Structures are given as structure tokens and as C-alpha cells.
Amino acid sequence: MSFELVGIIAIFALLVLLAFGVHIGVDFLITGFVGTMLLLGFKPAFSLVGETMYYSIASPVFCVLPLFILMGSFASKGGFAKKAYESVHTMAARLPGSLAIATSFGCAAFASICGSSLATATIFGKLAYPEMKKYNYDKTFSLGSIASSGTFACMIPPSGMFILFAIFTEQSVGKLFMAGVIPGAITAITYAVSMFVRAKLNPNLAPIVQDEMNVTIKDRVAATFGLWPIFILASVVLGGIYGGVFTPTEAGAAGALGTLVLGIQQGRLRSFVLIKQSLRETAHTTAMLFFIIITALFFSRFLAISRLTFVLTHFIENWNVSPLLILICVLAVWFVLGMIIVQAAVFALTLPILFPIVVALGYDPIWFCVIAMKLNEIAGVTPPVGLNAYGLAGATGDGTSVEEVFRGVWPFVLCDFIVLAMLMVFPQIVLWLPNAMIGH
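Attention in this report is confined to the structure presented alongside it.

Conventions used here
Throughout, a residue's number is its position along its own chain's written sequence, starting from 1. Local features in this predicted model are restricted to residues of pLDDT 70 or higher, and side-chain atom pairs are both shown and tallied only at a pLDDT of 80 or more, whereas totals for entire chains, interfaces and linings draw on every residue. Excluded from the side-chain calculations are hydrogens and water; all other atoms, namely the structure's heavy atoms, are used. Helix and strand definitions here come from DSSP, where helices need a minimum of 4 consecutive H or I residues and strands a minimum of 2 consecutive E residues; each element is numbered from the N-terminal end. When a residue's accessible area, from a 1.4 Å probe over protein chains only, is under 20% of the maximum for its type it is buried; when over 50% it is exposed; and in between it is partly exposed. Pairs of residues are marked as contacts when any of their non-hydrogen atoms sit within 4.5 Å. Working definition: rings of Phe, Tyr and Trp (its six-membered ring) pair if their centres are within 6.5 Å, and the pair is stacked with planes under 30 degrees apart, edge-to-face with planes over 60 apart, and tilted otherwise. Any carboxyl oxygen of Asp or Glu within 4 Å of a side-chain nitrogen of Lys or Arg constitutes a salt bridge here. The patch calculation keeps residues exceeding 30% relative accessible area without a salt bridge and links them within 9 Å when they carry like charges or within 5 Å when they are nonpolar (Val, Leu, Ile, Met, Phe, Trp, Tyr). Note on areas: these come from Shrake-Rupley sampling with a 1.4 Å probe, and a residue is covered only by the protein chains present in the view. Under the convention used throughout, the expected extent of a helix is 1.5 Å for every residue step, that is, one less than its residue count. Across the chain, bend at a residue is computed as the angle between axes fitted to the seven residues ending at that point and the seven starting from it.

**Side note on the side chain of Thr286**
- By the element assignment, Thr286 lies in helix H15 (residues 272-306).
- For Thr286, a relative accessible area of 10% translates into the label buried.
- Apart from residues no more than four positions distant in its own chain, Thr286 is found in contact with Pro66 and Ile69.

In C-alpha cells form, the structure reads like this:
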């Protein structure tokens, strides 16, 4: 049996195990170990597992992940989301669809200190949905706006998914963070424009909130000061990375400490119980992600031994087909897989195979990671495995079904495809900030 055939069979076996609901980390470990054992024998396979467990995480890059997870956990429990939502709502008062627009920009602001898409959607489900329900907003419009806006945490730094990308692709965490800023802002603006137009054309979707009639310009200006904790934290983290003051690891430490201090100062994190919960959640999430990362890297080493990635790259490089067509096929595969498999698992499975191919075709690796992240945002809200939709359905507390959430997201998925097209046609939207970084 050829090495390449063993690699193909291993990928098929991995997908079968996923279909049966086996944990993705266990899938990677089993298929990678059995495949390596078939190619090299039991002792080399066992030795490769041990080497991967050590060398794959014996890097400062891995310190970034738990630090930003801790920062996001402190932010979630520190009341920053509520502050952001209330401030943006006041600034958007009297606009058609003001509560939905506040959700879009509030999620974008909160995403700049919380790298979790699911946490953002869940928190704003508890904050924004009761307000929208109170003022008779259309239910699917409300749910769709919250679930879709929650995905901003995938793109806007400090994105946990970008850290995973940096680990799997060996790209700069700082450059990936900077690359996500403008696309994330454009997506938030696109959503807000869509909400405004839809509410203007169909007032039944989002009736005017009478309480907003008394909001003055002075109130709007005063509301901007409610965002100062988020502005300070985002400036320290992103400004520090952009200006070359901090490495991403140092920025994560500064962000986590700053979020804790401001959370205590604001009064929400003065309870030791909440701090303890944040630390426990961070440890649990980090352990889970490290297990997936280690086993995924082990599986990618097995694929390298099988020569499958080399053969595929060589074949596609010499295939007389437009590189754009190949890129579109890759994105189509990700779009389909993202609808049926959890996003982190999709990228852990496919990046070791597809990333070298796309880079070999001449595409910029940072740009490609952002394009992939845009698809990750879409996957987060599309059926049947859109995690944001499930998280939001559970957070509303009124028996909302996940099908109702899915019905509301499609107009925003269309917005995502419009932004995706912009990023593909104008790559400098993505690359301008990373290329302008000091010391890049």
C-alpha cells in the first residue's frame, strides 16, 4: 500500500469518526497514530506522539491563547458588553432599527476585548433581545441581527480563531490581528446599513422606540464616554502590537490585567467568585484547545510523512487551471464543511493540506487567512451546526427555537458574501494595516 493511499484512507476514516460524533481531538490522535504505525511501525509512531506533545507547544506563541481567553472571560463577566450596548444604543437613537444597529456596533466594540464569537452572541442575546422583544421588533429580525453580529469576535482582534490560524499556519499573530481590523469594521457597517434600510422599508420589522424621542445631541456625546474602558483596552492591546511596543504575548498579558483592573474599578469583578470562575473557564477552554491543537499537529505530521500534501501541491501547481478557480473550489469546500462540522475542527483538518497549496499558487498567506475567517463567520450562523444560533436560542430564555434564529440570519449572510467579494477583489483592504505595522 502506497504512503499516499494510507493518507487518503486516514482522512476518510477521520470524517467517518466525526460523523459518528467522536471528539475531534480523539479523531486526529487515532487516525494519525494508526496511519503512522502502518507507515513506520509502532515505536516510531509512539515516539512521534511524544515529540509532537512537547515541541508543538514549546513555543511562546502558545502563551497568547490562554492570555486572550482570560481577557475575554474577564470582559464577559465584567459588564463591558452592557456598557457598550447602552452607549451605542443612545448614539443610534431615533434611527430606524436603532436597537439592531446598537447590537451590531455594540458587538463590534465588545469583540475588541473578547475573542469568543459564541460568548458575544450569548451575552448580547441576554442584553439586546429582551429590549427588542419589549418594543415589538420582528423576532427573526432580532435573532438574526444578534447571532450574526456575534460573529465579529472571529474577525476583530483579539480573535481566538486567528490565534489558532497562527499556530496551524505559522503566521504572525500580530499581523493576523491587524489584518482583521478593517474587514471587521466594514462588516459591522454593512450590517448596520442593511438593518437601517430594511427597517426603513418595512417599519414593522423594527418599530420606532418612543423612549428615544427625548435623546439629545448632548446625550449622544455623553454616551461616547461609556465606551472609554473598551477604548483603553483596545488601544493598549492593538496599539501596542501595531506600534511594536508589545509582542502579541505581552499584549495578551497587558489586556488580561487591564480588563481585570477595569472590571474591578467598574464594580462587576469585585467578587472573588467571578474571578475564580474566569480562571477556571480559561483553564478548561485552554486545555480543550491545546488537546485539539496537539492532535491536529500530530495528524498534519502524519500527512507530511504520507507525502499526500506534497503530491497534492505538486499536482495543483502543474494543473493547467486558473489559480482563482482553485481558490474558489477551496472556499466552496470550506463553506460546505463549515455548515456540517464545527469551525475549529474544519480548519484543524484542512489547513495542513490546503494552506501550502494556496500559498504555492501565489496568494498572500495573511490575506488568505482573513478570507478563510470570513467563511468561518458565515459558518457560525448557518445550519445545521451554526454554534452562534444554538447559543443564542438557549440564551433568550423564552423557548426560542434554533430554526427561528436560522431564518433570521440569511440577509446577514448575504451581507457577508458582499464583504467577502470586496476582500477578494481589493486585497489591500486586508493587507494595508499589517504592512504598515512598525517593525513588521
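Now that the structure has been shown, the text picks up again.
**Comments concerning the packing of aromatic side chains**
- This structure, assessed with the given rule, holds 18 aromatic pairs.
- Here Phe152 and Tyr191 contribute two aromatic rings whose centre-to-centre distance is 5.2 Å and whose plane-to-plane angle is 40 degrees, an arrangement assigned as tilted. With Phe152 in helix H9 (residues 152-155) and Tyr191 in helix H11 (residues 173-201), the pair connects residues that are 39 residues apart, well separated along the chain. The pair formed by Phe152 and Tyr191 is uniform in burial state, with each residue classed as buried.
- In this structure an aromatic cluster arises from ring pairing among Phe162, Phe165, Trp334, Phe347, Phe355 and Phe368.

**Looking at the pattern of salt bridges**
- Applying the stated criterion across every chain yields a total of five salt bridges.
- Among the charged side chains, a network of salt bridges with common partners joins Lys374, Glu377 and Asp416.

**A short note on a nonpolar patch on the surface**
- Among the surface-exposed residues, Val26, Leu29, Ile30, Val34, Met37, Leu38, Phe42, Phe46 and Phe291 lie close enough to one another that they form a single nonpolar patch of about 780 Å² accessible area.
- In terms of residues, the nonpolar patch owes the most to one element, helix H2 (residues 24-40), which gives six residues.
- The topology assignment puts Leu38 in helix H2.
- Given a relative accessible area of 59%, Leu38 falls into the exposed group.

**Focus: helix H18 (residues 343-360)**
- Across its 18 residues, H18 extends 24 Å between first and last C-alpha, which sits within 8% of the 26 Å expected from 1.5 Å per residue.
- Its axis deflected by about 60 degrees at Leu351, H18 carries its strongest bend there, up to four residues before the proline Pro352.
- Burial of H18 is extensive: 14 of the 18 residues sit out of reach of the surface.
- Positive backbone phi, at 105 degrees, marks Gly362, one or two positions downstream of H18.

**Re unusual backbone geometry**
- Across the junction of Pro157 and Pro158, the peptide omega takes the value 10 degrees, indicating a cis bond.
- Checked against the element boundaries, Pro158 lands in the loop between H9 and helix H10 (160-169).
- For Asn136, which is not glycine, the phi torsion reads 65 degrees and is therefore positive.
- The residue Asn136 is located in the loop between helix H7 (117-134) and helix H8 (139-149) in this model.
- Classification of Asn136 as exposed rests on a relative accessible area of 59%.
- The phi dihedral of Glu170 is positive, around 60 degrees, even though this residue is not glycine.
- If you trace the backbone, Glu170 turns up in the loop between H10 and H11.

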